[in-house]
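# Topology and contacts: notes
Here is how the chains run, residue by residue.
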Amino acid sequence: MERQDVRNIAIIAHVDHGKTTLVDAMLKQSGMFRDPSQLQERALDANPLERERGITILAKNTAITYRGVLINIVDTPGHADFGGEVERILSMVDGALLVVDANEGPMPQTRYVLQKALKAGLRPVVVLNKMDREGARPEEVLEAVLELFIDLEASDDQLDFPVIYASAKAGIASNTAPLPPEGNLEPLFEAILAHIPYPVGDETAPLQVLITTLDHDDYVGRLAIGRVRQGRLTLGQTVALAHADGTVERVRPSKLYGRIGLKRVELESVTVGDIVTLAGLEDANIGDTVTDPDNPQPLPPISVDEPTLTILVGVNTSPFAGLEGQFITSRQLRDRLFREQQRNVALRVEETEDADVFRVSGRGELHIGILLEEMRREGYEMEVSKPEVILKETPDGLMEPMERLYLDVPDEYVGAVMELLGPRRATMVAMGQAGPGQTRLEFVISARGLLGFRSAFINQTRGYGIMNHLFDGYQPYSGPIEEMPRGALIAIETGTATAYALDNAQERGVLFIGPGTPVYAGMVVGEHSRPSDLEINVCKKKHVTNMRSSTAEEGIRLTPPRVLTLDQALEYVKSDELVEITPKSIRLRKATLD
Ligand code: GDP
């Protein structure tokens, strides 16, 4: 079956590049809303917290019609704290609208989600937005977008993307720049129809709907959302709900919904390519398949990132309870938290021995923090513990979660940011330009090292820094951080040379390069590095990188460094090259040491 009357697309953009404005304009022009007052609620970002924090928390769906084609648009959260969500959402669509600010160019969130979209094999349409603005520089930005595609190993098919120049604000799109003074979004709609594949599938095959999103409605209860891969589903029909653990139950959806504009509309039946919301499946979970009861054919389950961080949330028991918010009972707190778990997939809520206290686990401080803030606004007054990282016991010993950290930082703050990350044991894996005056840094860091980093980072970069992180697997737990004072003199033996770094109280290091190459050496950059798992700034071919003794790159093992006096260090020195390093600069100079 060919659903030429449907297109399913995801919308990808860095925060503030105009995703919401564009969807609003598309909704208006699709003729769905004759009464502009209905547009007061913006299509995406219905949660006010999302706007404040500049992120989109949960995927929203909307649908428009154009020339008789239903275009389902799903929003993709650009933020990485809630890992696994983006992949799931992308599994529902066949193409993506990549919205890029024609002045700012591609930014970190553009990159993360685009990477996933390309991996999922989706065909993109590139929208260069804010073309009405004076600073628009479409040629350069297009060049940067193209580079990004190449960098992310887009297929030839994906590289062959159409480019639409747009002003979401004015509701104008064009195939060429500059924009005409008047117009509409037709060129964009046409590009979607022409370029994004329509759903194809066998309507007569056994039903398959993979549940990719959950939601909750106070009247109808749990809502399970997914795309019909194959088969047909009619209201009243009994289906099999195949759980990810292999069990199957027979259930009957009480309602089927689709979308028109922002509204849910009841449907009698759905088929191949439809994105459907099912009510009445109280046990449905992400990754379950709704399938044919006589011939169940579950789809491979999708994985959701495990929580990495946990906190205790309790009823406020202080004598001042109820003064600032509203006094709540443990029952109310319990209900609220467990309700959240129903739609917030990466979140886990557990009871504790204390009936007033609950354990809440999630994908990072922001993930949990958003929930707590939301609850505070609703009037919940709570006591909250410090966050702790969830360690995992395996046959290989105790493991801790790692994160891949992406930072975009104005050049002048790079040194300061590196210094913040030093004591947190971050390993730098990449560094490059992220646009004029901007540096992009990529690190691997333990979830432990990331605790409290966000606020320090935002302060340090005066709010200009952009931070994202993704779950990056587990590594052996390296133990609590023992203190080794900043400024300690250290010696590091590499496979081919012995090198030394010393640091005086002025944060200056002297690095001696030994006779062999390559040479890695550095200095203690943080207050809390411990000798057995040392954190150093490493100097290699004039590029400063950061690495730890336990993760030395290119197979070079760093022995645990020893703390030496200057005299002892000089005794080791057999080199004739001396490098001076400070956290902000490296200077190479010849030196004779004798
Ligand atoms: P989102 O975070 O991607 O959803 O971005 P928004 O749609 O909320 O837009 C962010 C800001 O950019 C808002 O102040 C918009 O008014 C503005 N904006 C969006 N599109 C355009 C555009 O085409 N031209 C201009 N000049 N401003 C725009």
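Bear in mind the structure is a predicted one, so any value in this text is a computation, not a measurement.

## Remarks on the UniProt feature "binding site: GTP" (unreviewed entry) in the protein chain
- Under the UniProt annotation, "binding site: GTP" (unreviewed entry) lies at Asp16, His17, Gly18, Lys19, Thr20 and Thr21.
- Residue placement: Gly18 occurs in the loop between strand E1 (6–13) and helix H1 (19–29).
- Once residues within four sequence positions are removed from consideration, Gly18 is found in contact with Val99, Asn129, Lys130 and Ala168.
- As for its position among the elements, Thr20 is in helix H1.

## Here we look at the pattern of salt bridges
- Scanning the model with the defined rule gives 21 salt bridges in all.
- Across the salt bridge formed by Asp274 and Arg3, the nearest N and O atoms sit 3.2 Å from each other. With Asp274 in the loop between strand E15 (269–271) and strand E16 (275–279) and Arg3 in the segment before E1, this pair connects stretches of sequence that are 271 residues apart.
- Taking the relative accessible area as the measure of exposure, Arg3 reaches 9% and is therefore buried.
- Bridged by salt links that share partners, the residues Arg336, Glu340, Glu374 and Glu378 form one connected network.

## Looking at the packing of H1 against helix H7 (residues 186–195)
- Two elements in contact, H1 and H7, have axes whose closest approach is 11 Å; the angle formed by their N-to-C orientations is 95°. Considering the angle they form, H1 stands roughly perpendicular to H7. Contacts from Leu22, Met26 and Gln29 of H1 reach H7 at Leu188, Phe189 and Ile192.
- A class-by-class count of the residues in the contact of H1 with H7 yields five nonpolar, one polar and no charged.

## Section: the pairing of strand E18 (residues 309–315)
- With six of its seven residues buried, E18 lies for the most part within the structure.
- With two bridges joining them, E18 and strand E22 (residues 388–389) adopt antiparallel strand pairing. In the sheet register, Thr310 faces E22, and the bridge partner there is Glu388.
- Pairing between E18 and strand E20 (residues 357–362): six bridges, direction antiparallel. Note on E20: the bridge partner recorded for Leu312 is Arg359.

Calculation notes
- Residues numbered from 1 in each chain as written.
- Predicted model: local features only at pLDDT ≥ 70, side-chain atom pairs only at ≥ 80, totals over all residues.
- Heavy atoms only, no water.
- UniProt positions renumbered as here; feature names shortened; annotations may be inferred.
- Helix = DSSP H or I, 4+ residues; strand = E, 2+ residues; numbered from the N terminus.
- Contact = heavy atoms within 4.5 Å.
- Salt bridge = Lys/Arg side-chain N within 4 Å of Asp/Glu carboxyl O.
- Buried < 20%, exposed > 50% of the residue type's maximum accessible area, 1.4 Å probe, protein only.
- Axes fitted to C-alpha atoms, helices over the stretch in contact; angles between N-to-C directions.
- Parallel < 35°, antiparallel > 145°, perpendicular 65-115°, else oblique.
- Nonpolar A, V, L, I, M, F, W, Y, C, P; charged D, E, K, R; others polar.
- Pairing = 2+ DSSP bridges.

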